[in-house]
Amino acid sequence: MKKQTDIILKTEDLCKYYGSGDNLVKAADHINLQIRQGEFISIVGKSGSGKSTLLHMLGALDNPTSGKVFLDGEDISSFKEDALSKIRRRKIGFIFQSYNLIPSLNVWENIVLPLGLDGRPLDEAFIHDIVKMLGLSDKIKNLPNTLSGGQQQRCAIARAIAAKPSLILADEPTGNLDTKTGDDVMALLKASAKKYGQTLVVITHNEEIAQMADRTVTLADGRILSSTESEVVSDEE
């Protein structure tokens, strides 16, 4: 039986509404979710089901209309922006479909940016291993606009992992990658999560990726439809 202290991320009656009256959209509608430290969660659902909205609130990128989000036992939904910025830099690694790279910084500079903003030392050997695995070793001095979409996504993935955050939130992390690179990326994310005790939350339409997770949460109309534990035997068993 898991103890309450094992819960790294929790929502209580979480809601996010847009509009009003006949135009009211319930992007998140009374969501109660608990995620254990070190767990790999996949979040699935049709377009418009509320997946990205939920991910943004879990990562303190968007404020809920009502309800709470707890990270490491702290109600971050009540924090001021300065405190949220520190949490995002130190505890959360983000991977988005839109990459969110800084156009004026090269690949290496984009990857180490969160560490620099926080004044933290670089684990250069670790970062070089990530860069090599993602096939970016010969691109570290390139600017983002000289890279393909897949290369930009790999850069964003490297940046998310480089700071060794306790929580990684990923929105379709392999969406712009070929099958082999996508498989390698997921293997890296899983290995990193296991080595550093990270929690991994992935939004995906890829059924194979969803099946790799410890648990799959299915959303529909802003609500949790189901939460299913994986039947795959873990590596330790």
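Residues numbered from 1 in each chain as written. Predicted model: local features only at pLDDT ≥ 70, side-chain atom pairs only at ≥ 80, totals over all residues. Heavy atoms only, no water.

## Structural notes on the sheet that holds strand 10 (residues 223-229)
(1) Moving on: Strand order across the open sheet formed by six strands is 6-7-8-3-9-10, with mixed pairing between neighbours. Edge strands, defined here as strands with exactly one partner in the open sheet, are strand 6 (92-95) and strand 10. When the angles between neighbouring strand axes are averaged without regard to direction, this sheet yields 15°.
(2) Moving on: As defined by bridge partners, strand 3 (residues 40-44) adjoins strand 8 (residues 199-203) across four bridges and the pair is classed as parallel. Bridged to Phe40 within strand 8 is Leu200.
(3) Moving on: Sheet strands touched by helix 5 (residues 149-162): strand 6 and strand 7 (167-171). Its angle to strand 6, the strand with the most contacts, is close to 175°. (Pairing = 2+ DSSP bridges. Helix = DSSP H or I, 4+ residues; strand = E, 2+ residues; numbered from the N terminus. Axes fitted to C-alpha atoms, helices over the stretch in contact; angles between N-to-C directions. Contact = heavy atoms within 4.5 Å.)

## Looking at the nonpolar core
(1) Moving on: By size, the foremost hydrophobic cluster in this structure holds 35 residues, and its most contacted members are Ile111, Ile127, Leu134, Ile157, Ile161 and Leu189.
(2) Moving on: Of all elements in the fold, only helix 3 (107-117), helix 4 (124-133), helix 5, strand 7, helix 6 (179-196) and strand 8 reach the threshold of two or more residues within this core.
(3) Moving on: It is helix 5 that contributes the most residues to this core, seven residues altogether.
(4) Moving on: Those residues within four positions of Leu189 in sequence are excluded, and the remaining contacts are Ile95, Ile157, Ile161, Ile168 and Leu200.
(5) Moving on: If you look at the next biggest cluster of nonpolar residues, it comprises 28 residues, including Ala28, Leu71, Ile76 and Ile92. (Core = buried A, V, L, I, M, F, W, Y, C linked by side-chain atoms within 4.5 Å. Buried < 20%, exposed > 50% of the residue type's maximum accessible area, 1.4 Å probe, protein only.)

## Here's the deal with the pattern of salt bridges
(1) Moving on: Here the structure, examined in full by the defined rule, presents 12 salt bridges.
(2) Moving on: Here Arg36 ties to Glu39 by a salt bridge, and the two come within 3.3 Å at their closest N and O atoms.
(3) Moving on: Using a relative accessible area of 4% as the deciding quantity, one classes Glu39 as buried.
(4) Moving on: Taking the shortest distance from any N to any O, the salt bridge between Lys164 and Asp123 comes out at 2.7 Å. With Lys164 in the loop between helix 5 and strand 7 and Asp123 in the loop between helix 3 and helix 4, this residue pair connects regions lying 41 residues apart in the sequence.
(5) Moving on: Judged by its relative accessible area of 31%, Asp123 is partly exposed.
(6) Moving on: Where salt bridges share partners, they join Arg36, Glu39, Arg215 and Glu229 into one cluster. (Salt bridge = Lys/Arg side-chain N within 4 Å of Asp/Glu carboxyl O.)

So, to be careful, I would describe these as geometric facts and stop short of saying anything about function.
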